[in-house]
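Here's the letter readout for the chains.
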Amino acid sequence: MMMVKKMSPFEDIVTGLFDYPPRLCWMRGTCAMFICIEPDGDVWPCCDRTLPSETYRWGNVLDKDLSTAIKSRNAHVFREADKKRQSFCMRCEWAFLCRGGCVYHRIIQSDAADAPDPFCPAYQKIFAHIAGRVDEILSWV
Ligand code: SF4
Ligand code: SF4
């Protein structure tokens with residue numbers, strides 16, 4: 001039996017072209033829905049990456065309960081930044097696939113979560129290339 005290996009984000013891009021929802025957080029536009037609780041109790045918005053500034057630490061569950069961290073000022077700042085990334089990308093033809101990229105990327109690039117994702121030019125080339133190939137393949141059938 002042939003094994004089919006799933007390749008993200010390639011798989012998410014191809015299925016996204018057919019309106020299937022992606023699995024990757026940065027393609028879902030739902031970054032601010034994630035919560036990371038580190039072994040030391042610190043609460044951060046993202047488990048994948050360590051954010052460089054205390055500005056993005058929401059609290060610590062050993063000091064106060066989780067709902068306090070979720071309602072903290074830092075959590076509010078992060079959610080607002082997440083909303084801004086989506087408004088920045090609203091006019092992009094690839095917004096339906098990308099939804100603004102990764103907030104972490106822009107924070108480490110410019111310490112501004114509402115700045116453009118530094119990989120944006122690469123995303124645009126990759127989306128255009130894959131969409132072109134998918135169109136070509138569909139023209140064969
Ligand atoms: S910061 Fe990036 S990697 Fe982390 S949850 Fe948000 S979109 Fe995903
Ligand atoms: S490709 Fe660039 S402009 Fe378009 S949605 Fe993604 S980050 Fe925004």
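Refer to the structure printed above.
Residues numbered from 1 in each chain as written. Chains lettered and ligands numbered in written order. Predicted model: local features only at pLDDT ≥ 70, side-chain atom pairs only at ≥ 80, totals over all residues.

Caption draft 1: Structural context of the site of ligand 1. Taken together, 10 residues sit near ligand 1, with C25, C31, C46, C102 and Y104 positioned nearest. Mapped onto the shell around ligand 1, the elements with two or more residues apiece are helix 2 (25-28) and helix 6 (103-110). When its residues are assigned to classes, the shell around ligand 1 shows 8 nonpolar, no polar and 2 charged. (Near = placed C-beta within 6 Å. Helix = DSSP H or I, 4+ residues; strand = E, 2+ residues; numbered from the N terminus. Nonpolar A, V, L, I, M, F, W, Y, C, P; charged D, E, K, R; others polar.)

Caption draft 2: Summary view of the site of ligand 2. For ligand 2, the full set of nearby residues is C89, C92, W94, A95, C98, G100, G101, D117, C120, Y123 and Q124. Those elements that place two or more of their residues in the shell around ligand 2 are helix 5 (95-98) and helix 7 (120-139). Sort the elements by how many residues they give to the shell around ligand 2 and helix 7 lands first, with 3 residues. For the shell around ligand 2, the per-class residue count stands at 7 nonpolar, 3 polar and 1 charged.

Caption draft 3: A look at the packing of helix 1 (residues 10-17) against helix 7. Helix 7 packs onto helix 1 with a crossing angle of 55° between their chain directions and a minimal axis gap of 10 Å. Comparing their axes, helix 7 and helix 1 come out oblique. Regarding helix 1 and helix 7, the two cross each other, and that crossing is right-handed. When helix 1 is examined against helix 7, the residues I13, V14 and L17 are found in contact with a partner set consisting of F127, I130, A131 and V134. Grouping the constituent residues of the contact of helix 1 with helix 7 by class yields 7 nonpolar, no polar and no charged. (Axes fitted to C-alpha atoms, helices over the stretch in contact; angles between N-to-C directions. Parallel < 35°, antiparallel > 145°, perpendicular 65-115°, else oblique. Left-handed = near helix turned anticlockwise from the far one by under 90°. Contact = placed C-beta atoms within 7 Å.)

Caption draft 4: Structural view of the sheet that holds strand 1 (residues 36-37). Read across the sheet, 3 strands follow the order 1-2-3 without closing on themselves; strand pairing throughout is antiparallel. Because the sheet does not close on itself, it has two edges, and the strands there are strand 1 and strand 3 (59-60). Of the strand pairs in this sheet, strand 1 and strand 2 (residues 42-44) are connected by 2 bridges, and their pairing is antiparallel. Paired with C36 across the strands is W44, a residue of strand 2. (Pairing = 2+ DSSP bridges.)

Caption draft 5: View of helix 1. Within the sequence span of helix 1, burial applies to D12, I13 and G16. Buried residues of helix 1, seen end-on, are gathered within an arc of 100° and therefore sit on one face of the element. Buried residues along helix 1 sit against helix 2, helix 5 and helix 7. Phi for D19, located one or two positions after helix 1, is positive at around 70°. (Buried ≥ 20, exposed ≤ 12 C-beta atoms within 10 Å, placed from the backbone. Arc of directions from axis to C-beta.)

Everything listed here is a matter of geometry and, on its own, says nothing about what the molecule does.
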